[in-house]
Amino acid sequence: MVISEEARAAIDGEIARYPRKRGALLPALHLVQKELGHLSPEATREVAEIFELRPVEVMEVISFYNMFHARAGGRHHVYVCTNLPCSLRGARGLLKSLEAHLGIEAGETTSDGRITLDHEECLGACGYAPMLRVDETYHEDLDEARAKEILDALE
Amino acid sequence: MAKITVDGTEYETQEGRTILQALDELGILMNGVDIPHYCWHPKLSIDGSCRLCQVEIEGVPKLQIACNTPIKDGMEIRTQTAPVKEAREGVMELLLVNHPLDCPICDQAGECKLQDYAFEYGVEHSRSREPRRAGKKNVDFGPTITFDQERCILCRRCVRFCREVPGTGEIGVFGRGDHSALETFPGLELDNPYSMNVADICPVGALTTKDFRFKIRVWFLEDVPGICTGCSKGCNVWLGTANNKVYRYVPRRNDAVNETWVCDDGRMSYRHIGSADRLDRAMVRGELGVLEVTSVDDAVAAASERLRALVDAKGPGVVGAVASGHGTNEDLEAFVRLLDGLGVENRGLATVQGESDELLVQAEKAANGEGARKLGFGDAAGVLDRLNTGGLEALVVMGHDLLDAQHLGGIEGLERLDTLIVLDSHHSALERVAHVVLPARHAAEKAGHFTNHEGIVQAVAPAVEPAGEAVPEAEAFDRLAAALGVAGEDAA
Amino acid sequence: MLTVPHTTNYLTEHFGDDAFTTLEGYRARGGYEAAKKAISEMSPADVIELVKDSGLQGRGGAGFSAGMKWSFMPTDGDQPSYLVCNADESEPGSYKDRILLERGGHQMLEGILIAAWATQADTTFIYVRGEYAFPADQLDRCVREAYDAGLLGENIFGKGFKHDVVVHRGAGAYICGEETGLLESLEGKKGQPRKKPPFPAQFGAFGMPTTVNNVETFSHVPHIVKNGADWFKGFGTEKSPGTMIFGVSGHVVRPGLYELPMGTPLDEIVFEHAQGVPEGRKVKGVIPGGMSMPILPAGMLDVPMANESLRERKTMLGTGGVMVMDERTCMVRAACVITYFFRDESCGQCTQCREGTGWLNKIVERIERGAGSEGDIELLLDVCGKMEAKTICAFADAAAWPVQGLLRHFREDFEEHVRQKKCPFPESFEL
């Protein structure tokens, strides 16, 4: 078993909140990903078992949503919104400078496994562009210097 | 009942159907009323995503998809108007934006709905000059199916099939948008008793069976209607024939029997038709004690002599008969005539019982066990008891199911017989002890009828020439009866 | 986290006050009085009538009458019925729901409670977009507080009314903002919109009758119950009453949120409230209602921000996300960003959408690279036509409209790319 007892109990708690078990699938995947970092085939199989689904059905769901990762990434996920409101305010330039700063391209992970950098579609911070989402936290109204500081501070 | 008008013609249909369902039920869909469609399939749930079946409905401003729009009494449907045609052209062109157009090397060419519809309703190619989406080629989906992602139009028929028909659900669509693709879960390949049906329902060349792949271009095939003889279901199939050879079975729709499906085992049973172990010459055991090839006439004469001598000497009580569920009703009737003529009462039926499922597969692995039972052939156990207790000196056997562990389990006991006459389409161990062997035709080589497990009688007609000198069992029995002088007046 | 809107009105007037985010602070400002009034003094039908009468339009993009929507819910039958709060705010240019969740959680919950009474719904599922972790946490806290105070759960206000609220987090898919895509996602599936029929009012979340409303729509409701329909109609235009929170982004001096009456002229929002383009540059075009809505050129900004007037200019109010582009902006680059987004976010079910979004994106990217040719513009328009009004949901339309808008008003940008075989706007935002 790759899913811990605690996560398993939390999933059961989620299931209790929905009229049908499957309603808790997205919350469960969030929980498992939080614990394991990504949703491996083994974890997917275990989730499928909990929800009495076929692994392929769970995999379909995982692959549909941006926030679920079937493959392992860095310890931190850093996203630069490059949708139009952010692009109008220099987000693409910011992304390029962060790529150079980390020595990776968008979609890649630093060799020390610290950061996975990627671009993202609109994150709802259009008035505070450009912005970064670092894991669950938004950083807004950024310039290159501030963005680099934020990345450098990540463990 | 509801009255609907389609392109000016009025039809009566049941309530509670969608437009496509109603037209399908009336037998006029793509057979008088052309509403092309990809994702809709009469035996699967409605998907509504390919958007090709859009039609105009009086009083509704937007085009509606015929697959999901419930009919209403008085509904007026138009299927050939300019907006409808334009919408179809739009779908066709968009489907071709990323299609590899590799028809020259695609196995589906000739029976491809993308090809057909593009020609019929669309544009021959897309105006797109953009690089096409690259997809995985020759993906091994499991033991029976190969997947070509580039050709897939994401109609999801296969996905629904696996979930809804065999209930195994191996295939999913991963990702979204124009980067979505069919996949199986790592380690859980497409492997179920009905897996090959996905190739039939795939409208394009994305899913093909490994068995048929690259064997022959489909336009060289002649499709002959026939019956699968793998079990007592009697699934309706098309026999794809060319060069006097059967290249494949594909299911033929019969809602009363097999809907639109056939199981993989049944489908693959076409290979028995022209297989290397076909018994295609008559043989008679000669003075040296070995079977020697001879003509059917000589073999019939030899069989007749042996039976006549025995019956004259000891009466018909020492003769037994084992019918097969592989013969047609006509074959079995001729067998009955022969046995009645000789006065043989030790009759039985030997079929093999195997696995069954809820869907199509029946336990009895013969197409016509029911036909044989209806003609009075009971279980072969009685005949075999008599054999084992030494009460039989001659046996006339159709086929070789008798050798199965459920009956004799081998030839032991048969070697004691004075006379063993075998009619069979394939070689078997029976030949080691048989005195006369007559080559019989496969169901694909003769005309006749089979009675399925529910009593439904279905006709077959010859699809290919017989193997060698194989004769229909009916003919062999009738000739034997004539030689024995027991043929009734109405026998051929 | 977020700054307070630059201009406020009844929805956001207390958003600067941290106490307002707590139950105690909210109640001190008269919070939950409207819900108490509705549940204690009004019948469900009265509430629906009131909301209908107020003319409140859904603020999630489609602008349909909220009261009408509620009235579609069956009132008979034993099966449970549900409300869904659409907090899957993902329309580029739109970020108003986020602040309504972060700073006005109780206000929205009160609106939900009133709507639940009106529709006699059993449970409300609040579908918060997955990336909104902080807003979802704030909302979770508000829900807990409401339960602890007996404002949710059994026997609310001692009137025997029971209602539950479940905060549900999405996982990153724009299409889950579409009401049936959201329902699928809520049920733990891919967020692929459902074909209709059946409609959500009959067969919605978990197969039960369901009404879906946007965060802002719910947030207006307590104010309507408290102050009456006439008061509400005192804001905005005759056909589009109330205020709306406009989110201004792009090339303006003061981007941010502005709560203003519906019908406030677009040029007033851009030039007065957001203080125009920095460094004295001119406006080239403005997307008035989130990225799905067709752009307006600088000369067409004297338009009231309401559907009835925007429609005359072939665009719509959408979510009120106002995106400003200055004179340096390359509209082909804008098209690249826009079409990429729709290509990435298409759920992939319908042929026209799946293939059309990708095709549009490939064509505009090629034009931007300088590899465009004559006929490409007609081709773009033709592909848009093939996508419009032919799919399960309105996503394909939403992907086609902005391209049509750009070609309607900035066709010469595209033609110039084709003529010069390169992008003629070196000063434009970087791609």
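What you are looking at is a predicted structure, and each value in this text was computed from that prediction instead of being measured.

A closer look at the overall build of chain C
Secondary structure summary: chain C contains 16 helices and ten strands in total. For chain C, the spread of C-alpha atoms along the three principal axes comes to 75 × 45 × 35 Å. Looking at chain C alone, contacts between residues at least 24 apart form 70% of all its contacts between residues at least 6 apart. Put simply, chain C shows about 13,600 Å² of open surface, and 49% of that area lies on carbon and sulfur atoms. Positive and negative charge centroids in chain C, built from 45 and 59 side chains respectively, lie 4 Å apart.

Considering the interface of chain A and chain C
Taken together, the contacts link 41 residues of chain A with 63 residues of chain C. Summing both partners gives a buried area of about 4,100 Å² for chain A against chain C, and 59% of it is carried by carbon and sulfur. For chain A, the biggest contributors to the area lost against chain C are Phe-64, Leu-84 and Leu-88 of chain A; these three give 17% of the whole. In this structure, the connection of chain A to chain C is made through four salt bridges. Of the charged contacts, one joins Glu-140 of chain A and Arg-98 of chain C as a salt bridge, the two residues approaching to 2.7 Å between their closest N and O atoms. Taken together, chain A and chain C are joined by 20 residue pairs in polar contact (both at pLDDT 80 or more). Elements represented by at least two residues in the side of chain A that touches chain C include exactly helix H2 (25-36), helix H4 (55-64), helix H5 (84-88), helix H6 (91-102) and strand S2 (115-120) of chain A.

Considerations on the packing of aromatic side chains
On inspection of all chains with the given rule, the structure shows 31 aromatic pairs over all chains. Residues Trp-219 of chain B and Phe-220 of chain B carry aromatic rings whose centres are separated by 6.3 Å and whose planes lie at 55° to one another, so their mutual orientation is tilted. Accessibility classification places Trp-219 of chain B together with Phe-220 of chain B in one group, the exposed group. When the ring of Tyr-82 of chain C is compared with that of Phe-125 of chain C, the centres are 5.3 Å apart and the planes differ by 75°; the resulting orientation is edge-to-face. In this pair, Tyr-82 of chain C sits in strand S1 (residues 82-87) while Phe-125 of chain C sits in strand S2 (residues 123-128), placing the two residues 43 residues apart along the sequence. With relative accessibility at 6%, the residue Tyr-82 of chain C sits in the buried group.

Description of helix H2 (residues 82-97) of chain B
The end-to-end C-alpha distance of H2 of chain B, which contains 16 residues, comes to 22 Å, matching closely the 22 Å that a straight helix rising 1.5 Å per residue would cover. Residues of H2 of chain B that are buried: Val-84, Ala-87, Arg-88, Gly-90, Val-91, Met-92, Glu-93, Leu-94, Leu-95, Leu-96 and Val-97 of chain B. Packed against the buried residues of H2 of chain B are strand S3 (54-57), strand S5 (75-78) and helix H3 (113-121) of chain B together with helix H14 (351-369) and helix H15 (376-387) of chain C.

Observations regarding the domain arrangement of chain B
Here chain B is partitioned into domain 1 (2-94), domain 2 (129-272) and domain 3 (282-484). Spacing between the C-alpha centres of domain 1 of chain B and domain 3 of chain B amounts to 52 Å.

Structural notes on the interface of chain C and chain B
Taken together, the contacts link 36 residues of chain C with 36 residues of chain B. Both faces combined, the contact of chain C with chain B buries some 2,900 Å², and carbon together with sulfur accounts for 47% of it. Taken as a group, Arg-354, Glu-355 and Trp-359 of chain C account for 22% of the area that chain C buries against chain B, more than any other trio of residues on that side. At the junction of chain C with chain B, the criterion picks out eight salt bridges. Taking the shortest distance from any N to any O, the salt bridge between Glu-345 of chain C and Arg-176 of chain B comes out at 3.0 Å. Our enumeration of links across chain C and chain B arrives at 24 residue pairs in polar contact (both at pLDDT 80 or more). Mapped by element, the contributors of at least two residues to the side of chain C that touches chain B are helix H13 (331-345), H14 and H15 of chain C. Among the elements that take part in the side of chain C that touches chain B, H14 of chain C stands out by supplying ten residues, more than any other.

Details of the sheet that holds strand S17 (residues 346-350) of chain B
Residues and elements named next belong to chain B. A sheet is described by the order of its strands in space; here seven strands give the open sequence S15-S14-S20-S19-S18-S16-S17, paired in mixed fashion. Every interior strand has two partners, whereas the edge strands, strand S15 (291-294) and S17, have only one. Direction aside, neighbouring strands of the sheet carry axes that sit 15° apart on average. Relative to strand S20 (residues 436-439), strand S19 (residues 419-424) runs parallel, the two being bridged by four bridges. Residue pairing for S20: Ile-421 is matched across the bridge by Val-436. Along the sheet, helix H7 (residues 296-314) contacts strand S14 (282-285), S15, strand S16 (319-324), strand S18 (394-398), S19 and S20; its crossing angle with S20, the most-contacted strand, is approximately 140°.

Some words on the packing of helix H6 (residues 105-119) of chain C against helix H7 (residues 133-148) of chain C
All names here are of chain C. H7 packs onto H6 with a crossing angle of 55° between their chain directions and a minimal axis gap of 9 Å. Between H6 and H7, the angle is such that the two are oblique. The handedness of the crossing between H6 and H7 comes out as right-handed. Across the interface between the two elements, Gly-105, His-106, Met-108 and Leu-109 from H6 touch Leu-139, Cys-142, Val-143, Glu-145 and Ala-146 from H7.

Regarding the domain arrangement of chain C
Residues and elements named next belong to chain C. For chain C, the assigned domains are domain 1 (18-233), domain 2 (243-326) and domain 3 (331-420). Placing the centre of domain 1 and that of domain 3 at their C-alpha centroids yields a distance of 35 Å. Opposite the twelve residues of domain 1 that make contact, domain 3 presents eight residues. In total, about 800 Å² of surface goes out of reach between domain 1 and domain 3, with carbon and sulfur atoms giving 70% of it. The largest share of the area that domain 1 buries against domain 3 comes from Tyr-174, Ile-175 and Gln-192, three residues that together contribute 56% of it. Across the domain 1-domain 3 interface, the total number found is zero salt bridges. The tally of links between domain 1 and domain 3 comes to three residue pairs in polar contact (both at pLDDT 80 or more). Taken together, the residues that form the side of domain 1 that touches domain 3 break down as five nonpolar, three polar and four charged.

Let's talk about the sheet that holds strand S10 (residues 321-326) of chain C
Residues and elements named next belong to chain C. Spatially, S7-S6-S10-S8-S9 is the arrangement adopted by the five strands of the open sheet, whose pairing is mixed. Pairing within the sheet leaves two strands with one partner each, and these edge strands are strand S7 (256-261) and strand S9 (296-297). With four bridges joining them, strand S8 (residues 283-287) and S10 adopt antiparallel strand pairing. Within the sheet, the bridge partner assigned to Val-286 lies in S10 and is Val-324.

Quick look at unusual backbone geometry
With an omega of -5°, the peptide bond between Ala-129 of chain A and Pro-130 of chain A qualifies as cis. Relative to the helices and strands, Pro-130 of chain A is located in the loop between S2 and strand S3 (132-134). The omega torsion across Lys-196 of chain C and Pro-197 of chain C is 0°, close enough to zero to call that bond cis. Residue placement: Pro-197 of chain C occurs in the loop between helix H8 (179-186) and strand S5 (210-214). Backbone geometry places Phe-157 of chain C, a non-glycine residue, at a positive phi of 55°. One can find Phe-157 of chain C in the loop between strand S3 (153-156) and strand S4 (161-169). Of note, the phi angle at Glu-279 of chain C is positive, near 55°, even though the residue is not glycine.

Digging into the environment of Asn-254 of chain B
Residues and elements named next belong to chain B. Mapped onto the elements of the fold, Asn-254 is located in the loop between strand S13 (245-251) and helix H6 (264-268). Asn-254 sits 17 residues away from Val-237 along the chain, and the two C-alpha atoms are 9.2 Å apart. What Asn-254 contacts, discounting residues up to four positions off in sequence, is Asn-236, Glu-259 and Gln-458. In this structure the side chain of Asn-254 is engaged in a polar contact, spanning 2.9 Å, whose partner is the side chain of Asn-236.

With respect to the nonpolar core
Within the largest apolar cluster, 91 residues are counted, with the highest numbers of intra-cluster contacts made by Leu-29, Phe-51, Tyr-65 and Leu-84 of chain A together with Phe-342 and Phe-414 of chain C. Looking at this core, the element that brings in the most residues is helix H16 (residues 395-420) of chain C, giving eleven residues. With near-sequence residues (within four places) excluded, Leu-84 of chain A lies in contact with Ile-287, Met-291, Met-323, Met-325, Ala-334, Val-337, Ile-338 and Phe-429 of chain C. One finds Leu-154 of chain A together with Ile-99, Cys-142 and Ile-245 of chain C within the second-largest nonpolar core, a separate group that totals 88 residues.

Thresholds applied
- Residues numbered from 1 in each chain as written.
- Chains lettered and ligands numbered in written order.
- Predicted model: local features only at pLDDT ≥ 70, side-chain atom pairs only at ≥ 80, totals over all residues.
- Heavy atoms only, no water.
- Helix = DSSP H or I, 4+ residues; strand = E, 2+ residues; numbered from the N terminus.
- Contact = heavy atoms within 4.5 Å.
- Areas by Shrake-Rupley, 256 points an atom, 1.4 Å probe, with all protein chains shown as cover.
- Lys, Arg positive; Asp, Glu negative; His and termini not counted.
- Charge placed at Lys NZ, Arg CZ, Asp CG, Glu CD.
- Buried area = accessible area lost by both parts, 1.4 Å probe.
- Salt bridge = Lys/Arg side-chain N within 4 Å of Asp/Glu carboxyl O.
- Polar contact = N/O pair within 3.5 Å; in protein donor to acceptor, adjacent residues only side chain to side chain.
- Phe/Tyr/Trp six-rings, centres within 6.5 Å; stacked < 30°, edge-to-face > 60°.
- Buried < 20%, exposed > 50% of the residue type's maximum accessible area, 1.4 Å probe, protein only.
- Expected span 1.5 Å × (residues − 1).
- Domains from an automatic or database assignment.
- Pairing = 2+ DSSP bridges.
- Axes fitted to C-alpha atoms, helices over the stretch in contact; angles between N-to-C directions.
- Parallel < 35°, antiparallel > 145°, perpendicular 65-115°, else oblique.
- Left-handed = near helix turned anticlockwise from the far one by under 90°.
- Nonpolar A, V, L, I, M, F, W, Y, C, P; charged D, E, K, R; others polar.
- Core = buried A, V, L, I, M, F, W, Y, C linked by side-chain atoms within 4.5 Å.

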